[in-house]
Amino acid sequence: MKQDICLAVRRFISENFLFRDDGEAITHDASLLDAGIIDSTGVLELVSFLETTFGIAVQDEEMLPENLDSIRAISNYVSRKLESSKAQLVV
Amino acid sequence: MCGIAGYFALSPRPLAPREVLSRMVEAVRHRGPDDSGLYYDGRAALGHRRLSIIDLSGGRQPLSSADGRLWVTFNGEIFNYVELREDLIARGRAFRTKSDTETILHAYAEFGPQCVQSFNGDFAYALWDRSNHRLVIARDRMGVRPLYYTVHQGVLVFASEVKSLFQYPGLRPELDPLGLDQCFTFWAPLAPRTAFKNIYELPAGYQLVAEQGVVKIAPYWTLSYPARGERAGMSEGEAEEHVKTLLADATRIRMRADVPVGAYLSGGFDSSATTALAKEHNERLRTFSLEFESPELDESAYQRTLVAALGTDHSALRCKGPDIAANFPAVIRHTERPVVRAAPAALFLLSRQVRDHGFKVVLTGEGADEVFGGYDIFKEALVRRFWAREPQSKWRPLLLRRLYPYLGGLQSQPAAYLEAFFRTGLAHADDPLFSHLPRFALTRRISQFYSPELRTTINGYDPLDDLRAQLPAEFGKWHPLSRAQYLETRCLLPGYILSSQGDRVAMAHAVEGRFPFLDHRVVELGAALPPGLKVRGLREKYVLRRALGRELPREIVERPKQPYRAPDSESFVHEGAPGYVDALLSPEAIARTGYFEPRAVTRLVKKCRAMRGAVSAGDNMAFMAILSTQLVHSSYVEPLI
């Protein structure tokens, strides 16, 4: 499951921010901000993608580098959101 | 105000035939539809296309001194020609015409090449001194009028526009990778570099003297600021008075013409101020403006307020996306370099409207921001420095939101990310380019799209280092605001604002823009003002608003800065967009020109299409840069469509 999230996120970033795929692969933990891949407008696009693709709602206060600044961070964040919404449904 | 072209053998040799001169001059016909003239004597060739503004019957060019020893071809105006003429007559000189052109000849005869120091104007001229076998070319201090040149097989070739140079045998257009890299960092090449290999631009405030086989190029004027902490020697009240007096005079001399003078009215403070000043000389002043469909770009409400308050006779041109796309290829033929914004197209349309209404001259407000500290980038730099003293501060960077109220998208961006953007270079508060690092970094994202070949060619070149190396020695001693102003005034202003958004698109329709804020006395005063009178807290152009704001409606004086912007990529990706867009951005066309990577460009175009209206600043710039580079190539190197 997390694999799928990872893949989807990686592809989105590749196509919408990297534009090129000549082997400049981003590692799981590479900071997207530091690499200049996603900036303050880019993060809005990313959030929009995550909400549409995974059906989650990203709160303002969750828009932090801790949650969104690497592929691993994003995947973890999305997983947590999906888990907690499942938990809510169960209750 | 016109177009000039010519060539000069550095040492005696056969000169290219007259027909070449004729072709070169014809290439700038759009700059001077009223008349033309050629001078050719086997050593020097001077050509001219005239836009008749002063002394309609007498000012034909090229113009010679009475004894035929001096010849000049001149593009522009010497606004203080009346005062200079009086002085020269008092020195015993006899004038044959009423033109400002003749002033140049007499001033040169009297003072030699240093005569350029006495000219207050916007100009590019070539003066052939036959007795001394010397050719002098000079360009105005701020870079209003263009001048390009090269040396080919011992011949100095020059012209107002690059297209004219390519009429000279043996000069073949080829894009310069370093020039492109500069465009995609600084929004324009840094003079003397241009977008073309072996074609040079005479920098603003420079003079070229060719004699005895040697070409010497040197500045006759430099922009300089006081050292940080140096006392201004004038109070706030005195500064206000000086500003007011000088601007009134700068406007007065810029109203000098034998044809009607109109004004651009964007709705912003600067053009409102120049319009108000111009109105004092012309009760029935004609004004012109642009209206846009997007509320984020449109300023028509402010324009209407101003028209009502000042009582001008106003025309507004409604600018739509399709208009921009339809005219863009013509625009790029005129800019002769890639651009990162679509705004030049809007101004191209505006100058056409001015011409259609029978006007040749308009006053306009460019330069106020550079001279008086108007751009948000200046405030931004101050906020970032403030933040740099406490880099961990969470609330200091939030001040940055207040800087760009007109960018709706920016206001909604999460704080942490906003910080990250402006944090660029925060650790480098000592970097001379500190104020401009975020903008340069954003623009440089265009390099993501470079082809491997382009990358290899420019490998190792750092445009930022190049710019650092060109800064004056005293730069580091200036106040940070002065440093930011200098960068803006010497890079963006001549290379983009006055060129692609200014002279090139106005002269495409033979319309001459005149800039009271760029009167060199005003520029020098602005430079001498203490920083606190320019940006006070977050209030920009402080002393200018106090000096001129009293005559203007309050909402104009108080409103935040909104630079000229037109819809960028969205103008080109709609249904029914002209075929050239897809053709030039196709993988085949991109591969053919070789500057960019085809797949990356395809993805960018797809993204711009999908996000239409909500495309980020960086993506918009990349789109415009790529499309306009393809157009430059297609217009000058090899047709692609």
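Remember, it's a predicted structure, so these values are computed and weren't measured experimentally. Here the residue index of a chain counts from 1 through its sequence in written order. For this description, chains carry letters from A and ligands carry numbers from 1, given in the order in which they are written. It should be noted that, the model being predicted, local features are given only for residues of pLDDT at least 70 and side-chain atom pairs only at 80 or more, the latter also being counted only at that level, while totals for whole chains, interfaces and linings use all residues.

A.B. asks: Describe the overall build of chain B, with residues and values.
C.D. replies: Helix numbers and strand numbers start at the N terminus; a helix is a DSSP run of H or I with at least 4 residues, a strand a run of E with at least 2. Along chain B, the regular secondary structure elements total 26 helices and 17 strands. Taking 26 Å as the expected radius of gyration for a compact globule of 641 residues, we find that chain B reaches 24 Å, a close match to that expectation. Buried positions account for 55% of the 641 residues belonging to chain B. For every residue pair, C-beta atoms are placed from the backbone, and the pair is scored as a contact if these atoms sit within 7 Å. In chain B, the proportion of contacts linking residues at least 24 apart, taken out of those at least 6 apart, comes to 72%. A radius of gyration in this sense is built from C-alpha atoms; the matching globule rule multiplies 2.2 Å by the number of residues raised to 0.38. Residue burial is a threshold on neighbouring C-beta atoms within 10 Å of the residue's own C-beta, all placed from the backbone, with 20 or more meaning buried, 12 or fewer meaning exposed, and counts in between meaning partly exposed.

A.B. asks: Provide a residue-level description of the pairing of strand 11 (residues 206–211) of chain B, including the pertinent values.
C.D. replies: Residues and elements named next belong to chain B. Burial along strand 11 is one-sided: the residues Tyr206, Leu208 and Ala210 are buried and none of Gln207, Val209 and Glu211 is. Examined bridge by bridge, strand 7 (residues 134–139) and strand 11 share five bridges and lie antiparallel to one another. The residue of strand 11 that forms the bridge with Ala138 is Gln207. A pair of strands counts as paired when DSSP detects no fewer than two bridges linking them. Sheet analysis places strand 11 next to strand 12 (residues 214–219), joined by six bridges and oriented antiparallel.

A.B. asks: Let's hear about unusual backbone geometry: which residues, and what values?
C.D. replies: All names here are of chain B. Note the cis peptide between Gln61 and Pro62, where omega equals 0°. Among the structural elements, Pro62 can be located in the loop between strand 3 (44–50) and strand 4 (63–64). In this structure, the amide linkage connecting Ala191 to the following residue, Pro192, adopts the cis form with an omega of 10°. Among the secondary structure elements, Pro192 is positioned in the loop between helix 5 (177–186) and strand 10 (200–201). Residue Glu336 is not a glycine yet carries a positive backbone phi of 60°. Its place among the elements puts Glu336 in the loop between helix 9 (321–335) and helix 10 (343–356).

A.B. asks: Account for the packing of helix 10 of chain B against helix 18 (residues 480–507) of chain B, with residues named and values stated.
C.D. replies: Residue and element names in this part refer to chain B. With their axes 9 Å apart at the nearest point, helix 10 and helix 18 run at an angle of 30° to one another. Regarding the angle of helix 10 to helix 18, the classification is roughly parallel. Seen from above, helix 10 lies across helix 18 with right-handed handedness. When helix 10 is examined against helix 18, the residues Ala343, Pro344, Leu347, Phe348 and Ser351 are found in contact with a partner set consisting of Ser500, Gln501, Val505 and Ala506. Under this grouping Gly is polar, as are all residues other than the nonpolar Ala, Val, Leu, Ile, Met, Phe, Trp, Tyr, Cys and Pro and the charged Asp, Glu, Lys and Arg. Split by residue class, the contact of helix 10 with helix 18 holds six nonpolar, three polar and no charged. Between the N-to-C directions of two axes lies an angle of 0 to 180 degrees, each axis being a line fitted to C-alpha atoms and, for a helix, fitted only over the stretch in contact. To sort the angles, those under 35 degrees are grouped as roughly parallel, those over 145 as roughly antiparallel, those from 65 to 115 as roughly perpendicular, and the leftovers as oblique. Rotating anticlockwise by less than a right angle from the far helix to the near helix defines a left-handed crossing, while the corresponding clockwise rotation defines a right-handed one.

A.B. asks: So what's going on with the sheet that holds strand 6 (residues 121–129) of chain B? Which residues, and what values?
C.D. replies: Residue and element names in this part refer to chain B. The six strands are arranged 4-5-6-7-11-12 in an open sheet whose pairing can be described as antiparallel. Both edges of this open sheet fall to strand 4 and strand 12, since each of them pairs with a single strand only. Bridge count for strand 6 against strand 7 is six bridges, and the pairing is antiparallel. Bridge pairing in strand 7 links Ala126 to Ile137. Packed on one face of the sheet, helix 3 (residues 101–111) meets strand 4, strand 5 (70–78) and strand 6 and runs near 125° to strand 5.

A.B. asks: So what's going on with helix 19 (residues 520–528) of chain B? Residues and values would help.
C.D. replies: Residue and element names in this part refer to chain B. Of the positions making up helix 19, those classed as buried are Val522, Val523, Leu525 and Gly526. One side of helix 19 holds all its buried residues, which, seen down the axis, span an arc of 165°. Tucked into the core, helix 19 has its buried residues touching helix 6 (236–254) and helix 11 (368–372). The arc in question is formed by the directions pointing from the helix axis toward the C-beta atoms.

A.B. asks: Which residues make up helix 10 of chain B, and what values do they have?
C.D. replies: Residues and elements named next belong to chain B. The terminal C-alpha atoms of helix 10 lie 20 Å apart, and with 14 residues this matches the ideal 20 Å at 1.5 Å per residue to within 8%. For helix 10, the buried fraction is high: 10 of the 14 residues fall into the buried class. Where helix 10 is concerned, the buried positions are Ala343, Pro344, Ala345, Ala346, Leu347, Phe348, Leu349, Leu350, Ser351 and Val354. Among the structural elements, strand 13 (261–264), strand 14 (286–292), strand 15 (313–319), helix 9, strand 16 (361–363) and helix 18 are those in contact with the buried residues of helix 10. What a helix is expected to span follows from its residue count: subtract one and scale by 1.5 Å.

A.B. asks: Can you tell me about the domain arrangement of chain B, naming the residues and giving the values?
C.D. replies: All names here are of chain B. For the domains described, the bounds stem from an automatic or database domain assignment. Taken domain by domain, chain B holds domain 1 (2–219) and domain 2 (569–637). Taking only C-alpha atoms, the centre of domain 1 and the centre of domain 2 are 36 Å apart. Counting residues at the interface gives seven residues for domain 1 and seven residues for domain 2. Of the residues that constitute the side of domain 1 that touches domain 2, the class distribution is six nonpolar, no polar and one charged.

A.B. asks: Tell me about the environment of Phe372 of chain B, residues and numbers included.
C.D. replies: Residue and element names in this part refer to chain B. With respect to the helices, strands and loops of the structure, Phe372 is situated in helix 11. Judged by the 27 C-beta atoms lying within 10 Å of it, Phe372 falls in the buried class. Measuring from C-alpha to C-alpha, the distance between Phe372 and Gly526 comes to 5.7 Å, with 154 residues separating the pair along the chain. Not counting chain neighbours up to four residues away, the residues in contact with Phe372 comprise Gly526, Lys534, Lys541 and Leu544.

A.B. asks: So what's going on with the nonpolar core? Residues and values would help.
C.D. replies: The term nonpolar core means buried Ala, Val, Leu, Ile, Met, Phe, Trp, Tyr and Cys residues held together as one set by C-beta atoms within 7 Å. If you look at the biggest cluster of nonpolar residues, it comprises 196 residues, and the most contacted ones within it are Val72, Ala126, Phe158, Ala346 and Phe449 of chain B. Here this core takes 13 residues from helix 18 of chain B, the largest share from any one element. Composition of this core by domain shows at least three residues from each of domain 1 (2–219) and domain 2 (569–637) of chain B. What Phe158 of chain B contacts, discounting residues up to four positions off in sequence, is Ala5, Gly6, Ala126, Ile137, Leu147, Tyr148 and Tyr149 of chain B. Leu33, Ile37, Leu44 and Tyr77 of chain A belong to the second-largest nonpolar core, a separate cluster that totals 17 residues.

A.B. asks: Before we move on, can you summarise the pairing of strand 1 (residues 2–9) of chain B with the specific residues and values?
C.D. replies: Residues and elements named next belong to chain B. Within strand 1, eight of the eight residues are buried, leaving the element largely enclosed by the surrounding structure. In strand 1, alternate side chains face the same way, and those of Cys2, Ile4, Gly6 and Phe8 on one face and Gly3, Ala5, Tyr7 and Ala9 on the other are all buried. Pairing between strand 1 and strand 3: seven bridges, direction antiparallel. Looking at strand 3, one finds that Ile4 is bridged to His48. Across five bridges, strand 1 lies against strand 9 (residues 155–159) in antiparallel orientation. The residue bridging Ala9 from the neighbouring strand is Val155, located in strand 9.

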